[in-house]
Amino acid sequence: MVLEGNLVQEFETQGFVSGIKIFDRGEADGVRAAFNALEAKEGREKCQIGLMDRHYDQQFVWDLGTHPKVLDAVAAVMGPDVLLLATHFFCKYPEPRDARQDHAERFVAWHQDVTYWGLEPAFAVTAWYAVDDSDVENGCMRAIPGTHQGIREHGKSDRKGNLLSINQEVPVTPAEEASAMDMPLKAGEMSLHHGALIHGSNPNRSDRRRCGLTLRYIPPSVKQVKLNSVGRKYSAILVRGEDRYGHFEARQAPFPVR
Ligand SMILES: O=C(O)CCC(=O)C(=O)O
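Residues numbered from 1 in each chain as written. Predicted model: local features only at pLDDT ≥ 70, side-chain atom pairs only at ≥ 80, totals over all residues.

Caption draft 1: Structural view of unusual backbone geometry. A cis amide bond links Glu120 to the next residue, Pro121, at an omega of -10°. If you trace the backbone, Pro121 turns up in the loop between β4 (119–120) and β5 (125–130). Even without being a glycine, Asp53 presents a positive backbone phi close to 55°. Among the secondary structure elements, Asp53 is positioned in the loop between α3 (44–49) and α4 (59–65). Phi at Asn167 is positive, roughly 55°, even though this residue is not glycine. With respect to the helices and strands, the residue Asn167 is situated in the loop between β7 (155–156) and β8 (168–169). (Helix = DSSP H or I, 4+ residues; strand = E, 2+ residues; numbered from the N terminus.)

As structure tokens, this is what we get:
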């Protein structure tokens with residue numbers, strides 16, 4: 001059992017759980033080597049936030065998105081029927097030390113994922129898999145516990161360097177800011193967060209890369225009623241259980257499930 005009962009309860013009250021072990025060191029190194037090869041092909045600039053839905057052409061991404069341990073954990077908090085909606089790498093590289101004045105450190109502003117995804121009901125679960133060790137120094141994921149109970153209006157960040165697609169940011173109170181929790185992970189571990197949870201991440205102030213792969217899941221009862229923030233209609237693949245709704249066009253699995 002990947003997620004014990006108390007962790008399911010933690011997810012329900014906090015909106016996230018962290019430190020779920022998927023792979024041991026050796027297996028995690030294998031995933032990192034596969035990502036390194038992709039990075040060498042695509043270049044660092046693109047790897048920051050430009051690698052979307054690579055489960056359609058990268059077997060290692062597909063293998064992660066359909067890994068039984070990942071899906072057991074997702075199903076524990078979401079229910080037995082699971083669609084893989086999207087995948088997206090978030091890579092923050094060490095910032096130049098001799099930063100010029102106009103250099104803006106890359107960070108991820110506070111936001112709720114489902115705000116701009118056009119889903120109804122606005123619900124999804126993200127598994128954030130650590131390709132690299134991810135800690136406070138290199139800008140691990142952070143979240144404000146218990147903020148997943150409703151959608152708030154977002155504005156634009158007035159800070160340069162926000163990696164989010166349309167520079168969105170949700171205002172939070174000083175008390176909420178003070179209650180934020182870090183989610184450090186070793187490579188091969190993952191966290192799960194609710195699509196309405198307020199989360200983000202600070203700049204990478206280490207000399208190490210911080211790469212995470214987000215795997216986005218929804219139950220088949222969710223439909224897309226509007227295009228997402230980048231004008232895109234999702235396709236979704238059933239990866240666990242049954243789809244009794246058929247809201248998304250059935251799409252073939254790109255690789256066999258291992
Ligand atoms: O990787 C990060 O720092 C942010 C990821 C994120 O915002 C997300 O999973 O929605």
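Caption draft 2: Layout of the environment of Asp135. For Asp135, the position within the fold is in the loop between β5 and β6 (141–143). Sequence separation of Asp135 and Met183 is 48 residues, and the distance between their C-alpha atoms is 7.4 Å. Residues within four places of Asp135 in sequence aside, it is in contact with Cys140 and Pro184. (Contact = placed C-beta atoms within 7 Å.)

Caption draft 3: Local environment of the environment of Ala109. With respect to the element layout, Ala109 can be found in strand β3 (residues 108–111). Through-space distance from the C-alpha of Ala109 to that of Pro220 is 29 Å; in sequence the pair is 111 residues apart. Apart from the residues within four sequence positions on either side, Ala109 is in contact with Ser157, Asn162, Leu164, Gln168, Glu169 and Gly200.

Caption draft 4: Summary view of the site of the ligand. As a structural note, the neighbourhood of the ligand is formed by Phe90, Val108, Asp113, Thr126, Trp128, Met141, His199, Ser201, Gly212 and Thr214. Taken together, the elements giving at least two residues each to the shell around the ligand come down to β5, β11 (199–201) and β12 (210–218). Of the residues in the shell around the ligand, the class split is four nonpolar, five polar and one charged. (Near = placed C-beta within 6 Å. Nonpolar A, V, L, I, M, F, W, Y, C, P; charged D, E, K, R; others polar.)

Caption draft 5: Local environment of the sheet that holds β3. A sheet is described by the order of its strands in space; here four strands give the open sequence β3-β11-β6-β9, paired in antiparallel fashion. The sheet terminates laterally at β3 and β9 (181–183), the two strands that pair on one side only. Mean inter-strand twist for the sheet, computed between neighbouring axes without regard to direction, equals 25°. Looking at chain direction, β6 and β9 are connected through three bridges and run antiparallel. (Pairing = 2+ DSSP bridges. Axes fitted to C-alpha atoms, helices over the stretch in contact; angles between N-to-C directions.)

Caption draft 6: Quick peek at the pairing of strand β2 (residues 82–92). Burial analysis of β2 places 10 of its 11 residues in the buried class, which makes it a mostly covered element. Sheet analysis places β2 next to strand β14 (residues 237–240), joined by three bridges and oriented antiparallel. Bridging from a neighbouring strand, Leu83 pairs with Leu238 of β14. In the sheet, β2 pairs with β12 via nine bridges, with the strands oriented antiparallel. Paired with His88 across the bridge in β12 is Thr214. (Buried ≥ 20, exposed ≤ 12 C-beta atoms within 10 Å, placed from the backbone.)

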